[in-house]
Amino acid sequence: MNSQNLQFYRLQADSIGLEQMKQVNELYADAFKEEEMYRQRRPSDNYLLEQLVKDHVIVCTAVVEDKVIGALTAYVFDKLERETAEMYVYDLAVDESCRRQKTATRLLEFLFRQAEEIGVSAIFIQADKEDKPAVALYESLGVKEEVFHFDIYTK
């Protein structure tokens, strides 16, 4: 990867955003080894565009020569106790062939600028304990908290 050609985008509900969003889902399927999650019941183009138009849904990409090599998905939550918003980074992945080149760091820095523009006061992100590179990256950017995470499914 030639990092000089690396460009960052916040996806919009247009043809470029749609094409990149499809690549993002493929990247996530490979990076997270989640074939069923990302490839079995793929969302329609209309559904993806409906998500990308929402202000609280943020998808950022790192792209080289029209190929998404890194991506993150974040959600913005308005707070009720203060006039502010917080953000949760739900997914972050970099193509295996492009790792250890600061792509994730630069992608997060791009997100931080987006967050500042919309008035976000805190950003939350989680990592699996065994994902040492992710833990090291996030520790370099913020404060680590020991918490429990629960998946509660409704269907």
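Conventions used here
Residues numbered from 1 in each chain as written. Predicted model: local features only at pLDDT ≥ 70, side-chain atom pairs only at ≥ 80, totals over all residues. Heavy atoms only, no water. Pairing = 2+ DSSP bridges. Helix = DSSP H or I, 4+ residues; strand = E, 2+ residues; numbered from the N terminus. Right-handed = clockwise from strand over helix to strand, strands pointing away. Buried < 20%, exposed > 50% of the residue type's maximum accessible area, 1.4 Å probe, protein only. Arc of directions from axis to C-beta. Contact = heavy atoms within 4.5 Å. Axes fitted to C-alpha atoms, helices over the stretch in contact; angles between N-to-C directions. Core = buried A, V, L, I, M, F, W, Y, C linked by side-chain atoms within 4.5 Å. Patch = residues over 30% accessible without salt bridge, like charges linked within 9 Å, V, L, I, M, F, W, Y side chains within 5 Å. Areas by Shrake-Rupley, 256 points an atom, 1.4 Å probe, with all protein chains shown as cover. Salt bridge = Lys/Arg side-chain N within 4 Å of Asp/Glu carboxyl O. Parallel < 35°, antiparallel > 145°, perpendicular 65-115°, else oblique. Nonpolar A, V, L, I, M, F, W, Y, C, P; charged D, E, K, R; others polar. Polar contact = N/O pair within 3.5 Å; in protein donor to acceptor, adjacent residues only side chain to side chain.

Asks: Quick rundown of the pairing of strand β5 (residues 120-125)? Include the residues and the values.
Replies: Taken together, the five bridges between strand β4 (residues 85-94) and β5 define a ladder with parallel strand orientation. Residue Glu 86 lies in a different strand from β5, and its bridge partner there is Ala 122. Considered for its hand, the β-α-β crossover made up of β4, helix α4 (residues 103-117) and β5 is right-handed.

Asks: Which residues make up the side chain of Asp 95, and what values go with them?
Replies: Within the element layout of this structure, Asp 95 appears in the loop between β4 and α4. Given the relative accessible area of 18%, Asp 95 is considered buried.

Asks: Tell me about unusual backbone geometry, and name the residues and values.
Replies: The backbone of Arg 100 sits at a positive phi, close to 65°, despite the residue not being glycine. In this structure, Arg 100 sits in the loop between β4 and α4. With phi around 70°, Lys 102 is a residue other than glycine that occupies positive phi space. Inspection of the secondary structure assignment puts Lys 102 in the loop between β4 and α4.

Asks: Break down helix α5 (residues 132-141) for me, with residues and values.
Replies: Of all the positions in α5, only Ala 134, Leu 137 and Tyr 138 are classed as buried. For α5, the angular spread of the buried residues around the axis is 90°, confining them to a single face. Counted as exposed and oriented over 90 degrees from the buried face of α5: Lys 132 and Ser 140. Along its buried surface, α5 packs onto β4, α4 and β5.

Asks: Describe the sheet that holds β4, naming the residues involved and giving the relevant values.
Replies: In space, the five strands of this open sheet follow the order β1-β2-β3-β4-β5, with mixed pairing throughout. Of all strands in the sheet, those bounded by a partner on one side alone are β1 (7-10) and β5. Neighbouring strand axes in the sheet, compared pairwise and without regard to direction, differ in orientation by 25° on average. Across four bridges, the pairing between β1 and strand β2 (residues 57-64) is antiparallel. Counterpart to Phe 8 in the pairing with β2 is Ala 62.

Asks: Describe the nonpolar core, naming the residues involved and giving the relevant values.
Replies: The biggest cluster of nonpolar side chains holds 26 residues, and the ones touching the most others in it are Leu 72, Met 87, Leu 92 and Leu 111. Looking at this core, the element that brings in the most residues is α4, giving six residues. Those residues within four positions of Leu 72 in sequence are excluded, and the remaining contacts are Tyr 28, Ile 58, Val 59, Cys 60, Val 89, Asp 91, Leu 92, Leu 107, Leu 108 and Leu 111. Counting 16 residues, the second-largest nonpolar core is a separate cluster that includes Tyr 28, Tyr 38, Val 59 and Val 63.

Asks: Which residues make up a nonpolar patch on the surface, and what are the values?
Replies: Nonpolar side chains collect at one region of the surface, where Phe 112, Ile 123 and Leu 141 lie side by side and expose about 220 Å² of accessible area between them. Position of Leu 141 relative to the elements: it lies in helix α5.

Asks: Hey, could you go over the packing of helix α1 (residues 15-32) against helix α3 (residues 45-52) for me, with residue numbers and the actual values?
Replies: Where α1 contacts α3, the axes come no closer than 10 Å and their chain directions differ by 100°. It follows from the interaxial angle that α1 and α3 lie roughly perpendicular. For the pair formed by α1 and α3, the contact residues are Gly 17, Leu 18, Met 21, Lys 22 and Asn 25 on the first element and Asp 45, Leu 48, Leu 49 and Leu 52 on the second. Looking at the contact of α1 with α3 residue by residue, the class counts come to five nonpolar, two polar and two charged.

Asks: Please give an account of the environment of Gln 12 that cites residues and values.
Replies: Locating Gln 12 in the fold gives a position in the loop between β1 and α1. Taking the relative accessible area as the measure of exposure, Gln 12 reaches 44% and is therefore partly exposed. Look past the residues within four positions of Gln 12 in its chain and what remains in contact with it is Gly 17, Leu 18 and Leu 52. Among the polar contacts listed, one links the side chain of Gln 12 to the backbone oxygen of Arg 10, at a separation of 3.2 Å.

Purely geometric numbers; function is a separate question.
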